[in-house]
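Working through the structure, step by step
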Amino acid sequence: MDAAVSRSELGMSRISILKLCLLLFVISAGIRVVVWQNNKVEMAGVQWGLTELYKNDAKYLATGEFRLFLAGPNPPSDATVLLHPPGYPIFIGINYLLWGENEAFVIVQILLNSLAPVLIFLIALGLFDVRVAMIGGVLTAVAPQFAYHSSVILPDELAVLPILAAIYFLVRAIRDGKLSMAIFCGVSIGLSCWFRSNALILPLFFAAFSLFLLPKH
């Protein structure tokens, strides 16, 4: 086993880690699908006006009306297109192209959001031990709040996923001293900003945090 593997991963094969990740993903996806089926009608009304904006922008993409997607239906009088980043409409639009204008994109969104417990597990595994990592992953997988919001037609949960990935890559960059991990960390934060702009100044905090963790030579 090479030096890049943390002490918490000693004694665990890659297959064992992969099995635990798969278990967390299945539990998370199953709970989120059940919650979605039980609350589908209620979820459809959450911030209905905003979700319709996302869907309309996605339809412009799916039908090839790129000018409407970029500038809106009535520029410059209507500047609604500036209200949100384009990542979520692009996500919905791609799903519309693949599966048609139906709820398939919600299922894809649920599956993607089910990766959050896996990332929590991997982050904790790199910092602590497997017991702490499993507790964190399971709690994230079964948390009712996370399960509910994973199915709501809003980009909030999807925007968190790249941030979790950025934290994982940051841990790897500091632990392994690999520049590629630091680059992936920055790319992940940028991807999050395509869904929600909340993470725009997060790189400053990541950089400041890294100064305290990087080895002193």
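Throughout what follows, the structure given in this document is the object of discussion. Every residue gets a number counted from 1 within its own chain, in the order that chain's sequence is written. Restriction of local features to residues with pLDDT of at least 70 applies here, the model being predicted, together with a cutoff of 80 or more for giving and counting side-chain atom pairs; totals for whole chains, interfaces and linings are based on all residues. Hydrogen atoms and water are omitted, and side-chain values are computed over all heavy atoms in the structure.

What about the overall build of the protein chain?
Helix numbers and strand numbers start at the N terminus; a helix is a DSSP run of H or I with at least 4 residues, a strand a run of E with at least 2. For the protein chain, the helix and strand inventory stands at 11 helices and zero strands. Reading the helices (α) and strands (β) of the protein chain from amino to carboxyl end gives α-α-α-α-α-α-α-α-α-α-α. A total of 217 residues make up the protein chain; the buried ones form 42% of that total. Any two residues whose heavy atoms approach within 4.5 Å at even a single point are treated as in contact. Sequence separation of at least 24 residues holds for 71% of the intrachain contacts in the protein chain that already meet a minimum separation of 6. Counting rule applied: Lys, Arg positive; Asp, Glu negative; His and chain ends not counted. Every charge is mapped to an atom, namely NZ of Lys, CZ of Arg, CG of Asp or CD of Glu. Within the protein chain, one finds 14 positive and 13 negative side-chain charges whose respective centroids are separated by 11 Å. Note on classification: 1.4 Å probe, protein chains only; a residue is buried when its accessible area is under 20% of the maximum for its type, exposed when over 50%, partly exposed between these limits.

Regarding the environment of Arg 175
With respect to the helices and strands, Arg 175 occurs in helix α9 (residues 156–176). Distance in space between the C-alpha atoms of Arg 175 and Ile 92 is 36 Å, their sequence separation being 83 residues. Here a polar contact is recorded for every N or O atom pair within 3.5 Å, except that within protein the pair must consist of a potential hydrogen donor and a potential acceptor, and residues adjacent in sequence are included only if both atoms are side-chain atoms. A polar contact is formed between the side chain of Arg 175 and the side chain of Asp 176, at a distance of 3.0 Å.

Some points on the nonpolar core
To form a nonpolar core, buried Ala, Val, Leu, Ile, Met, Phe, Trp, Tyr and Cys residues must be joined to one another through side-chain atoms within 4.5 Å. If you look at the biggest cluster of nonpolar residues, it comprises 20 residues, and the most contacted ones within it are Met 43, Tyr 88, Phe 91, Ile 92, Phe 105, Val 106 and Phe 195. Sorting the residues of this core by element identifies α1 (14–44), α2 (48–62), α4 (87–99), α5 (104–113), α8 (144–149) and α9 as the ones contributing at least two each. In terms of residues, this core owes the most to one element, α4, which gives four residues. In contact with Tyr 88, other than residues within four places in its own chain, are Tyr 54, Phe 105, Gln 109, Val 152, Ile 153, Leu 154, Pro 155, Leu 158, Trp 194 and Phe 195. By size, the runner-up hydrophobic cluster in this structure holds 19 residues, among which are Ala 116, Ile 123, Cys 185 and Ala 199.

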